[in-house]
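The chain contents come next:
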Amino acid sequence: MRYTLRQMQQTFPDDAACLDFLFKALNRNMAACPKCGVERPGYYRVKNRKCYECKDCGNQIYPLVGTIFQKSSTPLTLWFHAIYLLSVSKNGVSAKELERQLGTSYKTSHRMAKMIRLLMQERGRLGRHGFPIEVDEAYIKGRGKHHNYHDNSTPVLAAVEVGGQIRTRVVEKATLQTAMPFIFENVYKGSTLHTDESKIYKQVKQYYKHDSVRHIAKEFVRNGVTTNHIEGFFSQLKRSVDGTFHAVSPYYLASYVSEFAYRYNHRTEVMFPLLLEKVVRRP
Ligand SMILES: [Zn+2]
């Protein structure tokens, strides 16, 4: 399924169309006006304001309040275009690339990319479906001139349900103390975990069914136990950080990683409308 740039621009030709979409998404389930209680309320757009008003009582709704667009003076059409570009990209879109495509300043495009990545954060534990969950860590190369590889790279923990979703976390050090809370928060206890034989996973067997695979011996498959799915994710992430972002600081790595995780989780869907829905779904 494809959603083209042309389709997007025809659906959202101007800021009024964008605002209308957000207002409707926000109020899709509104059976009655929250103020006067009239059923199936009719709202009209207030002229020159980013606001809609109930025909019966004058109750006003500002769809952008509490969203990533609230404090922005950038036109909504540019925001939608940026969200579109991030949604169709395979390797991620750098702020520099957004600047080129949208004609905004670097500062603006950098902030937009950062805010859109906030929409891409995902929650919810894995392990509902009874499939094994691979847990592994990788080191992503950072900026700087350190000679020691690990000094200059940031560990990322990940858990992926075979055939399902991924959860990730950027940590300062990959240790038992950082791995266990990550696993508890992202995988239901009692699930089957596949890891390598790293000592950071030595406690998981107290809470999970645990099988390990020996990486050092190049034994990637043992009795059907692998961490191949997660390695596919990590190698794509590394390629993209190298190619698109040219190594990132640990500070920004977390938001890039959540962008990649989101892309992985929604790889079979059209991501653009999913992200627009998340704009108005306030926490
Ligand atoms: Zn009303």
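Relevant structure appears above.
My aim in this report is to walk through the structure given alongside it, one point at a time. Note that this is a predicted model, so its numbers are computed, not measured.

## Concerning the sheet that holds strand S1 (residues 43-45)
Picture the strands of a sheet paired through backbone hydrogen bonds; they go either parallel or antiparallel. Read from one edge to the other, the open sheet built from three strands follows the order S1-S2-S3, with strand pairing classed as antiparallel. Each edge of the open sheet is held by one strand with a lone partner, namely S1 and strand S3 (60-61). Here two bridges tie strand S2 (residues 52-54) to S3, and the two strands are oriented antiparallel to one another. Each bridged residue has a counterpart across the sheet, and for glutamate 53 the counterpart in S3 is glutamine 60. Relative to the sheet, helix H2 (residues 15-26) contacts S1, S2 and S3, its axis offset from that of S2 by approximately 45 degrees.

## Remarks on the coordination of the zinc ion
Working reference: metal with six octahedral donors, ideal angles 90 or 180 degrees; metal with four tetrahedral donors, ideal angle 109.5 degrees. Looking at the zinc ion, one finds its protein donor set to be Cys33 (SG), Cys36 (SG), Cys54 (SG) and Cys57 (SG), positioned 2.3 to 2.4 Å from the metal centre. Relative to the metal, the four donor atoms surrounding the zinc ion lie at angles of 104 to 116 degrees, and the coordination shape comes out tetrahedral. Of note, the zinc ion draws all its donor residues from one chain, in the sequence arrangement C-x2-C-x17-C-x2-C. Of this pair, cysteine 36 sits in the loop between H2 and S1 while cysteine 54 sits in strand S2; the two residues are 18 residues apart in sequence, bridging distant segments of the chain.

## Focus on helix H3 (residues 76-88)
For H3, which comprises 13 residues, the first-to-last C-alpha distance of 18 Å matches the rise-based estimate of 18 Å (1.5 Å per residue) to within 8%. Among the 13 residues of H3, 10 are classified as buried, and the element is accordingly described as predominantly covered. Inspection of H3 places Leu76, Trp79, Phe80, His81, Ala82, Ile83, Tyr84, Leu85, Leu86 and Ser87 among the buried residues, and these make up the whole buried set. Against the buried residues of H3 lie helix H1 (5-11), H2, helix H4 (95-102), helix H5 (106-119), helix H8 (250-265) and helix H9 (271-280).

## With respect to the pairing of strand S7 (residues 192-196)
Burial analysis of S7 places four of its five residues in the buried class, which makes it a mostly covered element. Both strand S4 (residues 133-141) and S7 contribute to a ladder of two bridges, which runs parallel. Bridging from a neighbouring strand, glutamate 134 pairs with histidine 194 of S7. As defined by bridge partners, S7 adjoins strand S8 (residues 209-213) across five bridges and the pair is classed as parallel.

## Quick look at the sheet that holds S7
Strands sit in the order S6-S5-S4-S7-S8 across an open sheet of five strands; the sheet is mixed. With partners counted over all chains shown, the strands left at the sheet margins are strand S6 (166-170) and S8, one partner each. Neighbour-to-neighbour, the strand axes of this sheet turn through a mean angle of 25 degrees, independent of strand direction. Across five bridges, the pairing between strand S5 (residues 153-161) and S6 is antiparallel. The residue bridging leucine 157 from the neighbouring strand is arginine 169, located in S6. Packed onto the sheet, helix H6 (residues 176-186) meets S4, S5, S6 and S7 and runs at close to 150 degrees relative to S6.

## Structural notes on the packing of H3 against H5
In contact at an axis separation of 10 Å, H3 and H5 are set at 65 degrees when each is read in the N-to-C sense. Relative to H5, H3 is oriented so that their crossing is right-handed. Residues Leu78, Trp79, Ala82, Ile83 and Leu86 of H3 touch H5, and the partners they reach there are Arg111, Met112, Met115, Ile116, Arg117 and Leu119. Looking at the contact of H3 with H5, its residues break down into nine nonpolar, no polar and two charged.

## Focus on the pattern of salt bridges
It is possible for side chains of opposite charge to pair when their charged atoms get near one another. With the rule as written, the count across this model stands at seven salt bridges. Residues glutamate 99 and lysine 96 are paired through a salt bridge, measuring 3.1 Å at the closest nitrogen-oxygen approach. Of this pair, glutamate 99 and lysine 96 are both found in helix H4, three residues apart, which corresponds to roughly one turn of the helix. For glutamate 99, a relative accessible area of 22% gives the class partly exposed. The partly exposed category is assigned to lysine 96, whose relative accessible area is 45%. The partner of arginine 263 in a salt bridge is glutamate 259, and the shortest N-O contact between them spans 2.8 Å. With arginine 263 and glutamate 259 both in helix H8 and four residues apart, the pair spans about one turn of that helix. In terms of burial, arginine 263 and glutamate 259 fall into one category: buried.

What counts, and at which threshold
Residue positions are given per chain, counted from 1 along the sequence in the order it is written. For a predicted model such as this one, the threshold for reporting local features is a pLDDT of at least 70, and the threshold for listing and counting side-chain atom pairs is 80 or more; totals across whole chains, interfaces and linings nevertheless cover every residue. In computing side-chain values, all of the structure's heavy atoms are included and hydrogens and water are not. By definition, two strands form a pair when at least two bridges between them are found by DSSP. Strands here are runs of E lasting at least two residues and helices are runs of H or I lasting at least four, both read from the DSSP assignment and numbered beginning at the N terminus. Note on contacts: a residue pair is in contact if any heavy atoms of the two residues lie within 4.5 Å. Between N-to-C directions, angles span 0 to 180 degrees; the directions come from axes that are lines fitted to C-alpha atoms, helices contributing only their stretch in contact. A 2.8 Å cut-off from the metal defines N, O and S donors, relaxed to 3.2 Å for Na, K and Ca; water is not in the atom list, so some sites may appear incomplete. Labels for metal geometry use angle windows, namely 85 to 135 degrees for all angles of a four-donor tetrahedral site, and for square planar (four donors) or octahedral (six donors) sites opposite donors over 155 degrees apart plus all others within 65 to 115; sites meeting none of these are irregular. Here the expected span of a helix is defined as 1.5 Å times the quantity of residues minus one. Exposure categories follow from relative accessible area, calculated using a 1.4 Å probe and restricted to protein chains: below 20% of the type maximum is buried, above 50% is exposed, and the middle band is partly exposed. With the far helix as reference, a near helix turned anticlockwise by less than a right angle produces a left-handed crossing, and one turned clockwise produces a right-handed crossing. In this classification, Asp, Glu, Lys and Arg are treated as charged, Ala, Val, Leu, Ile, Met, Phe, Trp, Tyr, Cys and Pro as nonpolar, and every other residue, Gly included, as polar. Any carboxyl oxygen of Asp or Glu that lies within 4 Å of a side-chain nitrogen of Lys or Arg is treated as forming a salt bridge with it.

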